[in-house]
Amino acid sequence: PSVDMTGRVLSEAIRFELPTKRVASYESGTRSGTAARADGGATDRALMEHLASLGYLDTASPQGDRNLAAMHFEAGQYAEAEKLYREALTELTAAFGPKGLPTADCLQGLGSLFVESGRPDQVIEPTTRALAIYREVLGPEHDRCTHVLRALGSAHMQRGEYDVAEPYLREA
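Q: Run through the overall build of the protein chain, naming residues and quoting values.
A: What the protein chain contains, in helices and strands, is seven helices and two strands. Along the protein chain, helices and strands appear, N-terminal first, in the series β-β-α-α-α-α-α-α-α. Relative to its 172 residues, the protein chain shows a buried fraction of 31%. Nonlocal contacts in the protein chain, meaning residues at least 24 apart in sequence, comprise 48% of its contacts between residues at least 6 apart. With an accessible surface of roughly 10600 Å², the protein chain has 54% of that area assigned to carbon and sulfur atoms.

Printed below as a string of structure tokens:
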């Protein structure tokens, strides 16, 4: 699988010659370029089958699941988004560790979901965890930290905890 191929170049996967033809160019009139699909797409199908056989096209991935959760979130389907974020979080934590950036991104997405769905009491835990990861991995001056600090400050303000919100907002 692709997870076992860290850093490996796809040289063994790219062994197909694409047909070429002469095409007009506004710069020089005519030049060599990729052909129109004279083969009816057979090269594409063969290439995709070959990449799949090498494990490069595994469609189920924790990050893909997080993206699906974000799509449901953007569509306002909060219950489905929360379910998918929680599943993705479990998978991302297993794949990248509890301090991996994809884990932090998922935690932040879950916190944002809680903000948008009007649940400020649930925002604090995942967003605080995300902030800790971002600070450790990216450094306290990174833009992601600033964004999360604002989110935490806003969540505490929504809860009426202005004294707790102030340090987060000042740091942001």
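Q: Tell me about the pattern of salt bridges, residues and numbers included.
A: Under the counting rule described, the total for this entry stands at 12 salt bridges. Here the salt bridges do not stand alone but share partners, grouping Arg66, Asp105 and Arg144 into one network.

Q: Mind laying out the confidence of the model for the protein chain, listing which residues take part and the relevant values?
A: For the protein chain, per-residue confidence averages 78 on the pLDDT scale, and 65% of positions sit at 70 or higher. In this model, residues 1–13 is a region of pLDDT below 50 whose contacts with residues beyond four sequence positions or in other chains number 16 contacts.

Q: Hey, could you go over helix 5 (residues 120–138) for me, with residue numbers and the actual values?
A: Helix length check: helix 5 (19 residues) gives 26 Å between terminal C-alpha atoms against 27 Å at 1.5 Å per residue, within 8%. Listed as buried for helix 5 are Pro120, Val123, Ile124, Pro126, Thr127, Ala130, Leu131, Ile133 and Tyr134. Residues of helix 5 that are buried sit in contact with helix 4 (101–116), helix 6 (143–158) and helix 7 (162–171).

Q: Give a detailed account of the environment of Gly118, specifying residues and quantitative values.
A: Within the secondary structure, Gly118 is located in the loop between helix 4 and helix 5. Distance in space between the C-alpha atoms of Gly118 and Gln158 is 9.3 Å, their sequence separation being 40 residues.

Q: Requested: an account of the packing of aromatic side chains, with residues and values cited.
A: Across all of its chains, the model carries one aromatic pair by this definition. Taking 6.0 Å as the distance between ring centres and 45° as the angle between the ring planes, the aromatic pair formed by Phe73 and Tyr78 counts as tilted.

Here is what the cut-offs are and how they apply
Residues numbered from 1 in each chain as written. Predicted model: local features only at pLDDT ≥ 70, side-chain atom pairs only at ≥ 80, totals over all residues. Heavy atoms only, no water. Helix = DSSP H or I, 4+ residues; strand = E, 2+ residues; numbered from the N terminus. Buried < 20%, exposed > 50% of the residue type's maximum accessible area, 1.4 Å probe, protein only. Contact = heavy atoms within 4.5 Å. Areas by Shrake-Rupley, 256 points an atom, 1.4 Å probe, with all protein chains shown as cover. Salt bridge = Lys/Arg side-chain N within 4 Å of Asp/Glu carboxyl O. pLDDT = per-residue confidence, 0-100. Expected span 1.5 Å × (residues − 1). Phe/Tyr/Trp six-rings, centres within 6.5 Å; stacked < 30°, edge-to-face > 60°.

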